[in-house]
There are 2 protein chains.
Amino acid sequence: MTTTSEDRWTADPGELLRVSEGFLLADVDPDATPGYDGRKKEGRRDLLAGAEQLAALQERLYAQSSADPSTPAVLLVLQAMDSAGKGGIVRHVIGATDPQGIRLKAFKKPTPEEIEHDFLWRVEKEVPDPGYIGVFDRSHYEDVLIGAVRELAPPAEVARRFEAINDFEGRLAASGTRLVKVMLHISSEEQRARLMERLERPDKHWKYNPGDVDERQLWPRYMEAFQTVFDRTSTSQAPWHVVPANAKWYARLAVQALLVATLEDIDPRWPAATYDVAAEKRRLAAT
Amino acid sequence: MTTTSEDRWTADPGELLRVSEGFLLADVDPDATPGYDGRKKEGRRDLLAGAEQLAALQERLYAQSSADPSTPAVLLVLQAMDSAGKGGIVRHVIGATDPQGIRLKAFKKPTPEEIEHDFLWRVEKEVPDPGYIGVFDRSHYEDVLIGAVRELAPPAEVARRFEAINDFEGRLAASGTRLVKVMLHISSEEQRARLMERLERPDKHWKYNPGDVDERQLWPRYMEAFQTVFDRTSTSQAPWHVVPANAKWYARLAVQALLVATLEDIDPRWPAATYDVAAEKRRLAAT
């Protein structure tokens, strides 16, 4: 706890936003900014300070992995309803780090080849190597969210997927990957306003899809599906965090704080030289 | 030509730095800052202004590609001697754009599987899709640089590779990829200083490898190999640019300017809506 950014957190966002026993999504206020004693102006300033902190930690993680293959990876999993701000997290939180240390994967509608395989097939290929921060913009959770709501899979298959997800994430955690699972939570009214803005601005038209309204009409069922996801997959090794996201600045700050805390917990170290530094200095000076 | 950044360019860096008929690498002064009427302080400020411009153009390119599969891709190919600043370009030029629109690939020493295939096999897989900016941190040119200097391949094979590279890049250009090939050019003395800094700072030790000095001892042969690369592969459709890089701020600004000019030439447009905007507004308002 060293920066001014962290001083404005009155509670650990990791604790505060974590989905634990008895959590109810319906109790979360998407307008809230829990644990942060500041408003938009302070939040934006603190985001810049946090970006430096995150970038410095990431560089050390990457450096450590160059010498130590048991270095952890970090995997940020982002799930949300449309327009909730996943892209903004990628742009403003992840985008402030060195691209060389990031493995970003946006999961779209599965291709025919992907559909022929188990739902985790395309996901396993994108797991970040040691020292990297992986980011899943959507993920295997689509297969138990839209998969359940749109009945793309029968209930027994969805049930099997929950087991498979917990097994998969358990294996990831056991092999040293720190999972940071985040749902960005906006209200239905906020989504309407954001989609309307896309319709009102010609430079945003490309971001709008008529299917967005179709999905929106299933809002209550999606909220139920998210609740089920939390009930079934918020484990001690891979807990979910629900981040109120009507205030974009807060959501970005909170996700940044979750990542910073994860990296601080790893506490990566600059690796020691594997060569004789003095001898190399002499050798170099002679060239 | 709209920003203050470009106002300080007294000549088009694309023209000025391009390798054309009769180019001699030996004539390039790595300390120079050709075409830019400013120093480090102005250069840093202009880099920030250019970053906004590049990010805005990139977003429009990406948007256009969502509606038009014939949208070009941009491919930045970075080659250089060790410590010349490729990583800094990725961090400070590419890192200022939206990670969602970037396809970054660092080519390392080939794996056994890669060696079993033609040298372009691993490269073809990383060609960016329409609307993306691809970045190759090292590339297929390693196979005619270290490949020739270290005699990893016989001369006839190296000669074949030059043909294959021109064919490959010709195909890329014909299918709409804009190639921006850049060599960052530092002096041998500057490299010594940069490597020495890595040896002097424990937080940089991990970036140093004793092999760096071995390669360094072959400096004249690498310069010859680069000259051959320029002679053989600086084509009208995929010209090389040699960027003096002893001044890091200049190299970043110049590469940014090359990318901005490429995107301005593409002149991407926001795609028109493929749906009835008024009808969608009504449909959305009713939810």
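Use the structure listed above.
Please read these numbers as outputs of a predicted model, since none were measured by experiment. (Residues numbered from 1 in each chain as written. Chains lettered and ligands numbered in written order. Predicted model: local features only at pLDDT ≥ 70, side-chain atom pairs only at ≥ 80, totals over all residues. Heavy atoms only, no water.)

Visitor: Now, about the pairing of strand β4 (residues 177-185) of chain B: what can you tell me, with residues and values included?
Guide: Residues and elements named next belong to chain B. For β4, a buried count of eight out of nine residues is recorded, marking the element as mostly surrounded by other parts of the structure. By the bridge criterion, eight bridges tie strand β1 (residues 73-80) to β4 in an arrangement that is parallel. Within the sheet, the bridge partner assigned to Q79 lies in β4 and is M183. Here five bridges tie β4 to strand β5 (residues 240-244), and the two strands are oriented parallel to one another. Among the inter-strand pairings, L184 is bridged to a residue of β5, identified as V243. (Buried < 20%, exposed > 50% of the residue type's maximum accessible area, 1.4 Å probe, protein only. Helix = DSSP H or I, 4+ residues; strand = E, 2+ residues; numbered from the N terminus. Pairing = 2+ DSSP bridges.)

Visitor: Before we move on, could you go through the sheet that holds strand β1 (residues 73-80) of chain A and cite the residues and values that matter?
Guide: Residue and element names in this part refer to chain A. Ordered by their spatial adjacency, five strands build an open sheet running β2-β3-β1-β4-β5, and the pairing between neighbours is parallel. In the strand order of this sheet, the two ends are held by β2 (102-106) and β5 (240-244), each with one partner. Going across the sheet, the axis of each strand differs from the next one's by a mean of 20°, ignoring polarity. (Axes fitted to C-alpha atoms, helices over the stretch in contact; angles between N-to-C directions.)

Visitor: Can you break down the pattern of salt bridges residue by residue, with the values?
Guide: As enumerated under the stated definition, the model contains 42 salt bridges over all chains in all. Here E114 of chain B and R122 of chain B are joined by a salt bridge, their closest N and O atoms 3.0 Å apart. Judged by its relative accessible area of 9%, R122 of chain B falls in the buried class. Across the pair R283 of chain B and E280 of chain B runs a salt bridge, and its minimum N-O distance is 3.4 Å. One end of the pair, R283 of chain B, and the other, E280 of chain B, are both in helix α13 (residues 277-285), three residues apart, so they sit about a helical turn from each other. A residue is classified by how much of its surface remains accessible, and R283 of chain B, at 28% relative accessible area, is partly exposed. Taken together, the shared-partner salt bridges in this structure form one network comprising D118, E157, R160 and R161 of chain A. (Salt bridge = Lys/Arg side-chain N within 4 Å of Asp/Glu carboxyl O.)

Visitor: Could you give an account of the packing of helix α7 (residues 142-149) of chain A against helix α11 (residues 219-233) of chain A, naming the residues involved and the relevant values?
Guide: Residues and elements named next belong to chain A. Closest axis-to-axis distance for the α7/α11 pair is 9 Å, and the angle between their directions is 145°. Once α7 is placed against α11, the crossing between them reads as right-handed. For the pair α7 and α11, the contacting residues are V144, L145, I146, A148 and V149 in the first and R221, Y222, A225, F226 and V229 in the second. When its residues are assigned to classes, the contact of α7 with α11 shows nine nonpolar, no polar and one charged. (Left-handed = near helix turned anticlockwise from the far one by under 90°. Contact = heavy atoms within 4.5 Å. Nonpolar A, V, L, I, M, F, W, Y, C, P; charged D, E, K, R; others polar.)

Visitor: With reference to specific residues and values, describe the sheet that holds β4 of chain B.
Guide: Whether parallel or antiparallel, the strands of a sheet pair through hydrogen bonds between backbone atoms. All names here are of chain B. If you walk across this open sheet you meet the five strands as β2-β3-β1-β4-β5, and the pairing is parallel. The outermost strands of the open sheet, each flanked by one partner alone, are β2 (102-106) and β5. On average, each strand axis in the sheet is tilted by 20° relative to the strand beside it, whichever way the strands run. Strand direction decides the pairing type here: β1 and strand β3 (residues 133-137), joined by five bridges, are parallel.

Visitor: Just give me the short version of the side chain of R216 of chain A, but keep the residues and values in it.
Guide: Structurally, R216 of chain A can be placed in helix α10 (residues 211-216). Nearest to the buried, unbridged R216 of chain A among oppositely charged side chains is E189 of chain A, at 6.3 Å. Among the polar contacts listed, one links the side chain of R216 of chain A to the backbone oxygen of S188 of chain A, at a separation of 2.9 Å. Beyond its immediate stretch of four places on either side in the chain, R216 of chain A contacts S188, Q191, R192 and L195 of chain A together with L284 and T287 of chain B. (Lys, Arg positive; Asp, Glu negative; His and termini not counted. Polar contact = N/O pair within 3.5 Å; in protein donor to acceptor, adjacent residues only side chain to side chain.)

Visitor: Which residues make up the interface of chain B and chain A, and what values go with them?
Guide: Tallying the contact residues gives 44 residues for chain B and 44 residues for chain A. Interface area, chain B with chain A, both sides summed: about 4100 Å², of which 63% is carbon and sulfur. Viewed at the interface, chain A and chain B are joined by two salt bridges. Across the pair D214 of chain B and R283 of chain A runs a salt bridge, and its minimum N-O distance is 3.0 Å. Remark: the boundary between chain B and chain A carries 14 residue pairs in polar contact (both at pLDDT 80 or more). When contributions to the side of chain B that touches chain A are tallied by element, the ones reaching two or more residues are α3 (40-67), α4 (86-92), α9 (188-200), α10 (211-216) and α13 of chain B. (Buried area = accessible area lost by both parts, 1.4 Å probe.)

Visitor: Describe the packing of α7 of chain A against helix α8 (residues 155-174) of chain A, naming the residues involved and giving the relevant values.
Guide: Residues and elements named next belong to chain A. Across the interface, α7 lies against α8 with an axial gap of 10 Å and an inter-helix angle of 170°. Between α7 and α8, the interaxial angle falls into the category roughly antiparallel. Counting all contacts with α7, which are made through D143, V144 and A148, the residues of α8 involved are V158, R161, F162 and I165. A per-class count over the contact of α7 with α8 returns five nonpolar, no polar and two charged. (Parallel < 35°, antiparallel > 145°, perpendicular 65-115°, else oblique.)

Visitor: I'd like to hear about the relation of the copies chain B and chain A, residue by residue, with values.
Guide: Rotating chain B by 180° and moving it 0.0 Å along the rotation axis overlays it on chain A with an RMSD of 0.0 Å. Each copy turns onto its partner about a two-fold axis. Considering only C-alpha atoms, the part of chain B nearest the rotation axis is G95 of chain B, at 3.3 Å. With an isologous cut-off of 70% or more, the 100% of interface residues of chain B that recur at the interface of chain A puts this contact in the isologous class. (Least-squares fit on C-alpha atoms with pLDDT ≥ 70 in both.)

Visitor: Would you mind going over the environment of Q237 of chain A in detail, with residue names and values included?
Guide: All names here are of chain A. Its location among the elements puts Q237 in the loop between α11 and β5. The class of Q237 is partly exposed, set by a relative accessible area of 41%. Distance from Q237 to N166, taken between C-alpha atoms, is 9.6 Å for residues 71 residues apart in sequence. In contact with Q237, not counting residues within four places along its chain, are N166, G170 and A173.

Visitor: Outline the pairing of β3 of chain B, supporting the account with residue identities and numerical values.
Guide: Residue and element names in this part refer to chain B. Judged by how many residues are buried, β3 sits mostly within the fold: five of five residues are covered. Across the two faces of β3 the burial is the same, with I133, V135 and D137 and G134 and F136 all buried. Pairing of β2 with β3, which is carried by five bridges, proceeds in the parallel orientation. By the bridge assignment, K105 is partnered in β3 with F136.

Visitor: Outline the packing of aromatic side chains, listing residues and values.
Guide: Summed over all chains, the structure comprises 24 aromatic pairs over all chains. The interplanar angle of 85° and the centroid separation of 5.4 Å between the aromatic rings of Y62 of chain A and Y132 of chain A together place this pair among those described as edge-to-face. Here Y62 of chain A, found in helix α3 (residues 40-67), pairs with Y132 of chain A, found in the loop between α6 (121-124) and β3 (133-137); they are 70 residues apart in sequence, far enough to count as distant. Classification of Y132 of chain A by relative accessible area gives buried; the value is 11%. Judged by centre distance (6.0 Å) and plane angle (80°), the rings of W206 of chain A and Y62 of chain B are edge-to-face. With one member in each of two chains, W206 of chain A in the loop between α9 (188-200) and α10 and Y62 of chain B in helix α3 form a pair that bridges those chains. Among the residues examined, Y62 of chain B registers a relative accessible area of 22% and is labelled partly exposed. The side chain of K105 of chain A reaches across the aromatic face of F107 of chain A, ending 5.8 Å from its centre. (Phe/Tyr/Trp six-rings, centres within 6.5 Å; stacked < 30°, edge-to-face > 60°. Lys NZ or Arg CZ within 6 Å of the ring centre and 35° of its normal.)

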